[in-house]
Amino acid sequence: MMSGTDLVLAVEDLTVSFDGFKAVEGLNMYVDQDELRVVIGPNGAGKTTLLDMICGRTKPTAGSIRFKGKELTRMSEHAIVRTGVGRKFQNPSIYENLTVFENLELSYPESRGVWGCLAFRRKPELVGRVHEIAETILLQDRLEMEAGLLSHGQKQWLEIGMLLIQKPELLMLDEPVAGMSVREREQTAELLRHICKGRSVIVIEHDMDFVERIAHKVTVLHQGKVLAEGSMNRVKNDPRVIEVYIGH
Amino acid sequence: MNGLMELFGRRSGIVPLLILAALILVVLPLVLEPFRLNLVGKYLSFAFVAVGLVLLWGYGGVLSLGQGVFFGLGGYAMAMFLKLEASDPESTAIQTTPGIPDFMDWNQLTELPLFWVPFQSLTFALIAIVVVPAVFAWIIGTAMFKRRVGGVYFAIITQAVALILTILIVGQQGLTGGINGITDLRTLKGWDIRTEQAQYVLYYVCSILLIGSILVGKFVLDGKLGRLLLAMRDKEDRVRFSGYDVADFKIFVFCLAAVMSGVGGAMFTLQVGFMSPSFVGIVPSIEFVIFAAVGGRFSLIGAVYGALVVSWGKTMFSEAYPELWLFLMGALFISVVMFFPKGLAGLWETHGRRLRNILSRSKAPSPGQLVAPVPPGPERVSGSEGAALARGAVMAERRSE
């Protein structure tokens, strides 16, 4: 049902079961162009599993995921990335032994085949783009530093930068501020506001203050199903959400 | 000059390669008598496999315990051609069926098997030395890596493949020469390969091909593919979710390592004059891994020294105490893995650096020093030059720790 609206992602009747346990069940979710959606929910609600299915890491048992009208459920991970879906993992996932520059360079969307890599030459466009991204993620002074030596927060930013350089139309971030200092959180919120221009973003987050600061719309998951959806204000006052969060 | 500077900053510089080239191309041929030089030639043919393993195991993170398979495929392809040339109707006139290899005649074969026929052409044989290992590796690699089989499982499967191929060769005596292998090889296009002069020529061909293989390996590692392999070893998922098909890259290094092994096998056949299943199975495959481990599995050049030192040790030691050799080699492997995970190349890196520091203190600044003291400061150094400089600095820091 790819209607005339600006839907980027349509998740319908999505179900996955691990040995009979349904981590996600009959889930529906629609994300618009340029929307920043935050997914919240208690532990085990199926948030990360949902992202895993969108990016192809976990294959759903039933249901469909359409991205710009393309069915993702049968595509391999690298093919999904190439259609424009980027994924940040919960723990900073960067190449510790390479420099910041090289981390970004490897994420630049060209020469992704074996022969392309062998024939690869560093072009000025690439270098320019790397510098541009490095500035966005506040690492312009650290380009030649080995990425393993960055602070935890900087590693998280680097990974976000590695996704940005891919120019994804849908960016998924799993707990981007986990383990960050207060100041780093503020900077990250600023960064997110900046990068969601021109693309859709799905963020999983636990930190409610942070969610309030960035979210356009919030989806609350509980036991693999959508419990509530809407603006932060509406969701916060929804009795079922309060029940799930405080009730036990 | 700039290019030269860059090489100094890289993982394995040009100097160690020049030292190795001088050793095997000049020093050894001058000091060794022909018989010993031929032995070194044999060891160098093993070094091809070790160099391939550095790429595959050290950088690709994939341990294959079945590289003997590819060594054997290359070696047998060469041996089949040489055997056919040695089996012309005149020299095999006493056989029931003249004109076919002797072992076929002993096994009551009366006709050359179909898969032997194309090996009458040297061109075909030379192509087969490269293509057969590559295709075989591609098949195994695709079957394994596309299904995400890796680590210990991959190692065990390659070991099983080595065992199966050995059993196949031994069992099909009439087609392969069985346990004895293909022996009594004489000439290559009429040129007697058994003479001292021919052995010299073959030694040089082998050495130059080996240096060529190291350069190919260096080219691969210094480029984007090398950085990607490092990235894969560190965070495979991140690479996958950056839009790369990780399996393709593993298949590629596996094929490249296989081709190198195949060339090594062919050079072995030419220099030693026979090929047998004892260079295909599990034991030789593990020996190849030990060569790479002792030499240093992150060093293309170290692998050559590993192959030379361990093989030489084997020849010396097993002449005196043949039954103890296997135990000694096991102990060697364990101690290298436990105490010197970077092998000889690691020792060179730590102690060699100290030595060079002492030497350079009394002399003018060396190129190494020009690279080292660049701080990873905030000023922007553009492009690859900057990256190379920074890496030089970081490496220097690490080594001095």
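Residues numbered from 1 in each chain as written. Chains lettered and ligands numbered in written order. Predicted model: local features only at pLDDT ≥ 70, side-chain atom pairs only at ≥ 80, totals over all residues.

Points about the overall build of chain A
And step 1. Along its length, chain A carries 10 helices and 10 strands.
And step 2. In terms of overall dimensions, chain A is globule-like: its C-alpha atoms have a radius of gyration of 18 Å, near the 18 Å expected for 248 residues.
And step 3. Looking at chain A residue by residue over its 248 residues, the buried ones come to 46%. (Helix = DSSP H or I, 4+ residues; strand = E, 2+ residues; numbered from the N terminus. Rg over C-alpha atoms; globule rule 2.2 N^0.38 Å. Buried ≥ 20, exposed ≤ 12 C-beta atoms within 10 Å, placed from the backbone.)

Regarding the overall build of chain B
And step 1. Broken down by element type, chain B carries 18 helices and 2 strands.
And step 2. The buried share of chain B, reckoned over its 401 residues, is 43%.
And step 3. At a minimum sequence separation of 6, the contacts of chain B that also span at least 24 residues come to 77%. (Contact = placed C-beta atoms within 7 Å.)

Description of the sheet that holds strand 5 (residues 70-71) of chain A
All names here are of chain A.
And step 1. If you trace the 4 strands from one edge of the open sheet to the other, you get 2-1-4-5, paired in antiparallel fashion. Because the sheet does not close on itself, it has two edges, and the strands there are strand 2 (21-32) and strand 5.
And step 2. Pairing of strand 4 (residues 62-67) with strand 5 involves 2 bridges; the strand directions are antiparallel. Each bridged residue has a counterpart across the sheet, and for Arg66 the counterpart in strand 5 is Glu71. (Pairing = 2+ DSSP bridges.)

Structural notes on the nonpolar core
And step 1. Counting 175 residues, the largest nonpolar core has Ala47(B), Ala50(B), Leu53(B), Val54(B), Ala303(B) and Val304(B) as its most contacted members.
And step 2. With 19 residues, the single largest contributor to this core is helix 12 (residues 246-272) of chain B. (Core = buried A, V, L, I, M, F, W, Y, C linked by C-beta atoms within 7 Å.)

A word on the packing of helix 13 (residues 282-295) of chain B against helix 15 (residues 325-339) of chain B
All names here are of chain B.
And step 1. Where helix 13 meets helix 15, the axes come as close as 10 Å, and the angle between the chain directions of the two elements is 40 degrees. As far as their axial angle goes, helix 15 and helix 13 are oblique. Judged by the sense of rotation from one axis to the other, the crossing of helix 13 with helix 15 is left-handed. Between helix 13 and helix 15, the contacting residues are Ile290, Ala293 and Val294 on the first element and Met329, Leu332, Phe333, Val336 and Val337 on the second. (Axes fitted to C-alpha atoms, helices over the stretch in contact; angles between N-to-C directions. Parallel < 35°, antiparallel > 145°, perpendicular 65-115°, else oblique. Left-handed = near helix turned anticlockwise from the far one by under 90°.)

Let's talk about the packing of helix 3 (residues 34-59) of chain B against helix 14 (residues 300-320) of chain B
Packed helix pairs are specified by the crossing angle of their axes together with the interaxial distance, meaning the distance between the axes.
All names here are of chain B.
And step 1. Packing of helix 3 against helix 14 brings their axes to within 8 Å, and their N-to-C directions diverge by 135 degrees. Taken together, the axis directions place helix 3 and helix 14 in an arrangement best described as oblique. Here the hand of the crossing between helix 3 and helix 14 comes out right-handed. Two secondary-structure elements touch here, helix 3 through Leu39, Tyr43, Phe46, Ala47, Ala50, Val51, Leu53 and Val54 and helix 14 through Leu300, Ala303, Val304, Gly306, Ala307, Leu308, Ser311, Trp312 and Thr315.
And step 2. Taken together, the residues that form the contact of helix 3 with helix 14 break down as 14 nonpolar, 3 polar and no charged. (Nonpolar A, V, L, I, M, F, W, Y, C, P; charged D, E, K, R; others polar.)

Examining the pairing of strand 6 (residues 85-88) of chain A
Residues and elements named next belong to chain A.
And step 1. What you see with strand 6 is no split at all: Val85 and Arg87 on one side and Gly86 and Lys88 on the other are buried throughout.
And step 2. For strand 6 and strand 7 (residues 170-174), the ladder comprises 4 bridges, and the chain directions are parallel. Looking across to strand 7, one finds that Arg87 is bridged to Met172.

Topic: the pairing of strand 10 (residues 225-230) of chain A
All names here are of chain A.
And step 1. Relative to strand 10, strand 9 (residues 217-222) runs antiparallel, the two being bridged by 5 bridges. Following the sheet pairing, Val220 is matched in strand 10 by Ala228.
And step 2. In this antiparallel pair of consecutive strands, strand 9 and strand 10, the connection spans 2 residues, and Gln223 shows a positive phi of 50 degrees.

With respect to the environment of Phe46(B)
Residue and element names in this part refer to chain B.
And step 1. Among the secondary structure elements, Phe46 is positioned in helix 3.
And step 2. In this structure the C-alpha to C-alpha distance between Phe46 and Val216, which are 170 residues apart in sequence, comes to 17 Å.
And step 3. Once residues within four sequence positions are removed from consideration, Phe46 is found in contact with Gly264, Phe288, Phe291, Ala307 and Ser311.

Examining the interface of chain A and chain B
And step 1. Taken together, the contact between chain A and chain B spans 34 residues of the former and 31 residues of the latter.
And step 2. For the side of chain A that touches chain B, the secondary-structure elements that each account for two or more residues are helix 2 (77-83), helix 3 (100-107) and helix 4 (114-118) of chain A.

Let's talk about the sheet that holds strand 6 of chain A
All names here are of chain A.
And step 1. Read from one edge to the other, the open sheet built from 6 strands follows the order 6-7-8-3-9-10, with strand pairing classed as mixed. At either end of the open sheet lies a strand with only one pairing partner, and these are strand 6 and strand 10. Averaged over all pairs of adjacent strands, the angle between strand axes in this sheet comes to 20 degrees, irrespective of strand direction.

Re helix 3 of chain A
And step 1. A large share of helix 3 of chain A lies buried, amounting to 8 of its 8 residues.
And step 2. Along helix 3 of chain A, the positions that sit buried rather than exposed are Val100(A), Phe101(A), Glu102(A), Asn103(A), Leu104(A), Glu105(A), Leu106(A) and Ser107(A).

Concerning unusual backbone geometry
And step 1. Of note in the backbone geometry, Ser111(A) takes a positive phi value of approximately 50 degrees without being a glycine.
And step 2. For Ser111(A), the location among the structural elements is in the loop between helix 3 and helix 4.
And step 3. One non-glycine residue with positive phi stands out, namely Lys189(B), at about 50 degrees.
And step 4. Tracing the backbone through its elements, the reader meets Lys189(B) in the loop between strand 1 (187-188) and strand 2 (191-192).

Comments concerning the environment of Glu144(A)
And step 1. Take Glu144(A): it is sitting in the loop between helix 5 (124-136) and helix 6 (152-164).
And step 2. The spacing of Glu144(A) and Val100(A) is 44 residues in sequence and 6.1 Å in space, taken between C-alpha atoms.

Brief notes about the environment of Ala178(A)
All names here are of chain A.
And step 1. Looking at the element boundaries, Ala178 is found in the loop between strand 7 and helix 7 (182-195).
And step 2. Residue classification places Ala178 among the partly exposed positions, given that 16 C-beta atoms sit within 10 Å.
And step 3. For the pair Ala178 and Gln90, spaced 88 residues apart in the sequence, the C-alpha separation amounts to 8.0 Å.

Topic: the confidence of the model for chain A
And step 1. Mean pLDDT for chain A: 90, with 97% of residues reaching 70 or above.
And step 2. Summarising per-element confidence for chain A, the mean pLDDT is lowest in helix 10 (residues 239-246) of chain A (83) and highest in helix 3 of chain A (95). (pLDDT = per-residue confidence, 0-100.)

A short note on the confidence of the model for chain B
All names here are of chain B.
And step 1. Of all residues in chain B, 87% attain a pLDDT of 70 or more, and the chain-wide mean is 87.
And step 2. Taken as a whole, residues 1-12 scores under 50 in pLDDT and shows 22 contacts with residues more than four places along the chain or in a different chain.
And step 3. The ipTM, which scores confidence in the relative placement of chains, is 0.90 for this predicted complex, and the corresponding pTM is 0.87.

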